[in-house]
Amino acid sequence: MNADRPHPPFSDEDVAWMDLALTEAARGVGLTSPNPPVGAVLVKDGELLGKGWHRRAGEAHAEIAALADARQCHLPDAIVGATLYVTLEPCSTIGRTGACTDAITAVGIARVVVGAVDPNPAHAGAGLDQLRLKGIEVDSGCREAEASQLIRFFAKHMTTGRPFVIAKSAITLDGRTVLREGDGPWISSEASREDVQRLRRSVDAILVGGETVRRDNPRLTLRGDFAHDRPQPWRVVLSSRDLPAECHLLSDDHQDRTLVFHDRTLDDALADLGARGVQSVLIESGGRLFQHAISGGWVDEVVLYIAPLLGGSTHHLFPVDNLVADLVDVEWLAIGPDLRLTGRPKLRL
């Protein structure tokens with residue numbers, strides 16, 4: 001296979017069209033599991049013919065959606081000689097839908113530009129090779145980092161069998177995770193809490209410790225527009241003893257979406273979730289589980305909402321002082337009065 005051939009230089013036009021395909025793909029984040037979110041754009045002579053995105057598993061892939069969009073406004077001959085920009089290598093095998101490589105070759109597309117190669121070792125590069133054998137020009141690696149970021153949950157699960165793990169918390173400037181009694185329950189702003197809903201919408205499961213359930217009685221649900229068009233994420237609890245029968249997770253309308261692991265390690269729970277097809281887990285826990293997850297090497301990404309507050313209760317993000325980790329690939333974003341920090345943890349040996 002030729003998936004590892006050097007990437008060609010891409011024109012500004014290529015990058016712009018791939019950016020549009022990435023925008024299309026982002027519409028499917030949180031909706032397509034166990035499939036990855038993918039977007040596609042069909043272009044000829046600088047004109048947009050059609051665009052599309054994969055909406056959910058079992059429905060049309062992005063390439064097919066873009067072709068259908070093009071056919072609504074253009075005659076079939078308009079597609080001949082066109083360029084297809086797609087964020088992920090087109091599938092080359094028949095699953096719940098037909099192979100996209102067959103559909104692409106059937107309509108006379110001349111060139112395919114790909115963002116990321118399929119992370120499945122059994123398929124990586126196979127679709128590109130099939131297209132090249134049919135005489136189609138294929139270039140891969142356009143906006144590769146951005147395209148790979150979109151499918152990071154799928155890629156982790158596909159290559160390891162385990163879910164991608166995000167650890168999330170809200171803290172004050174001096175690292176407190178709880179305010180003083182009487183100051184209210186929220187460290188972060190309303191804007192940040194809405195952003196947490198967006199984050200929850202992107203994942204398959206939310207994981208907490210039993211103590212969090214007993215202390216805070218959380219719902220861990222998607223609300224309002226964020227709950228539209230997808231099931232509630234799994235609500236996963238690690239606990240050494242029984243939970244109160246009246247807690248929301250065991251008594252509300254979504255109790256069938258709650259999984260309780262009694263006396264199981266985090267490693268066991270993640271392996272179990274991966275075997276169930278869960279590709280992504282958001283840990284929303286207290287400091288002990290947060291620290292344990294990072295120190296054990298289970299966390300792939302950290303998201304911290306940092307509020308412009310000093311002080312709080314005696315609760316800190318990390319209850320002990322012997323964990324030292326760097327965050328790499330750090331991104332900062334202002335959300336209301338807060339700062340959201342995102343990065344990958346790298347433990348210091």
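Above this text sits the structure in question.
Below or above, wherever it landed, is the structure these notes cover. Counting restarts for each chain: residues are numbered from 1 in the order of the written sequence. Local features are withheld for residues below a pLDDT of 70 in this predicted model, meaning they are given only at 70 or higher, and side-chain atom pairs are given and counted only at 80 or more; totals for whole chains, interfaces and linings count all residues. Think of the side-chain values as coming from all heavy atoms in the structure, minus any hydrogens and water.

## Concerning the overall build of the chain
- Across its full length, the chain holds 11 helices and 13 strands.
- Compactness check: the chain gives a C-alpha radius of gyration of 22 Å against a globular reference of 20 Å for 349 residues, within 12% of the reference.
- Residue contacts are defined here by distance: any two heavy atoms, one from each residue, within 4.5 Å place the two residues in contact. The contacts of the chain with a sequence gap of at least 6 include a subset with a gap of at least 24, amounting to 72%. By the criteria applied, helices consist of DSSP H or I runs no shorter than four residues and strands consist of E runs no shorter than two, each listed in order from the N terminus. Radius of gyration means the value over C-alpha atoms here, while the globule rule gives 2.2 Å times the residue count to the 0.38 power.

## Topic: the packing of aromatic side chains
- For this analysis, a ring pair means two rings from Phe, Tyr or Trp (six-membered ring only for Trp) whose centres lie within 6.5 Å, classed as stacked if their planes differ by under 30 degrees, edge-to-face if by over 60, and tilted for the remaining angles. Summed over all chains, the structure comprises 1 aromatic pair.
- Taking the centre distance of 5.2 Å and the plane angle of 45 degrees together, the rings of F153 and F164 count as tilted. Of this pair, F153 sits in helix 6 (residues 152–160) while F164 sits in strand 6 (residues 164–171); the two residues are 11 residues apart in sequence, bridging distant segments of the chain.
- Here, a charge over a ring is recorded when the distance from Lys NZ or Arg CZ to the ring centre is within 6 Å and its angle to the ring normal is within 35 degrees. Here the basic side chain of R152 rests over the ring of F164, its NZ or CZ set 5.4 Å away from the ring centre.
- If you follow R257 out to its NZ or CZ, it ends over the ring of W234, 4.0 Å from the centre.

## A word on the nonpolar core
- As used here, the term nonpolar core means buried Ala, Val, Leu, Ile, Met, Phe, Trp, Tyr and Cys residues forming a set that is joined through side-chain atoms within 4.5 Å. For the exposure calls, accessible area comes from a 1.4 Å probe over protein chains only, and a residue counts as buried if that area is under 20% of its type's maximum, exposed if over 50%, partly exposed in between. Of all hydrophobic cores here, the largest spans 36 residues; its most connected members are L42, I109 and V112.
- Considering each element in turn, this core owes the most residues, 5 residues, to helix 1 (residues 12–26).
- By size, the runner-up hydrophobic cluster in this structure holds 26 residues, among which are V236, L259, L266 and L270.

## Things to note about the sheet that holds strand 4 (residues 111–116)
- Pairing between strands requires that DSSP locate at least two bridges from one strand to the other. As summarised here, the arrangement of the 5 strands in space is 2-1-3-4-5, forming an open sheet in which the pairing is mixed. Every interior strand has two partners, whereas the edge strands, strand 2 (47–53) and strand 5 (137–140), have only one. Here the average twist between neighbouring strands, direction ignored, is 15 degrees.
- Sheet topology note: the strand 1 (residues 39–44)/strand 3 (residues 83–88) ladder contains 4 bridges and is antiparallel. The residue bridging V41 from the neighbouring strand is Y85, located in strand 3.
- Here helix 1 sits on the sheet and contacts strand 1, strand 2, strand 3 and strand 4; the angle it forms with strand 3, its principal contact strand, is near 50 degrees.
- Axis lines are fitted to C-alpha atoms, over the contacting stretch for helices. Their N-to-C directions set the angle, which ranges from 0 to 180 degrees. Packed onto the sheet, helix 4 (residues 126–133) meets strand 4 and strand 5 and runs at close to 155 degrees relative to strand 5.

## A short note on the sheet that holds strand 10 (residues 280–283)
- If you trace the 8 strands from one edge of the open sheet to the other, you get 9-8-7-10-6-11-13-12, paired in mixed fashion. Both outer strands of the open sheet, strand 9 (258–262) and strand 12 (325–335), are each paired with one neighbouring strand and no more. Strand-to-strand twist across the sheet, computed as the mean angle between neighbouring axes with direction ignored, equals 20 degrees.
- Judged from the 6 bridges that link them, strand 6 and strand 11 (residues 301–306) form a sheet pairing that is parallel. Across the sheet, the residue bridging to S169 is L304, located in strand 11.
- Here helix 7 (residues 190–202) sits on the sheet in contact with strand 6, strand 7 (205–209), strand 10, strand 11, strand 12 and strand 13 (338–347), set at roughly 165 degrees to strand 11.

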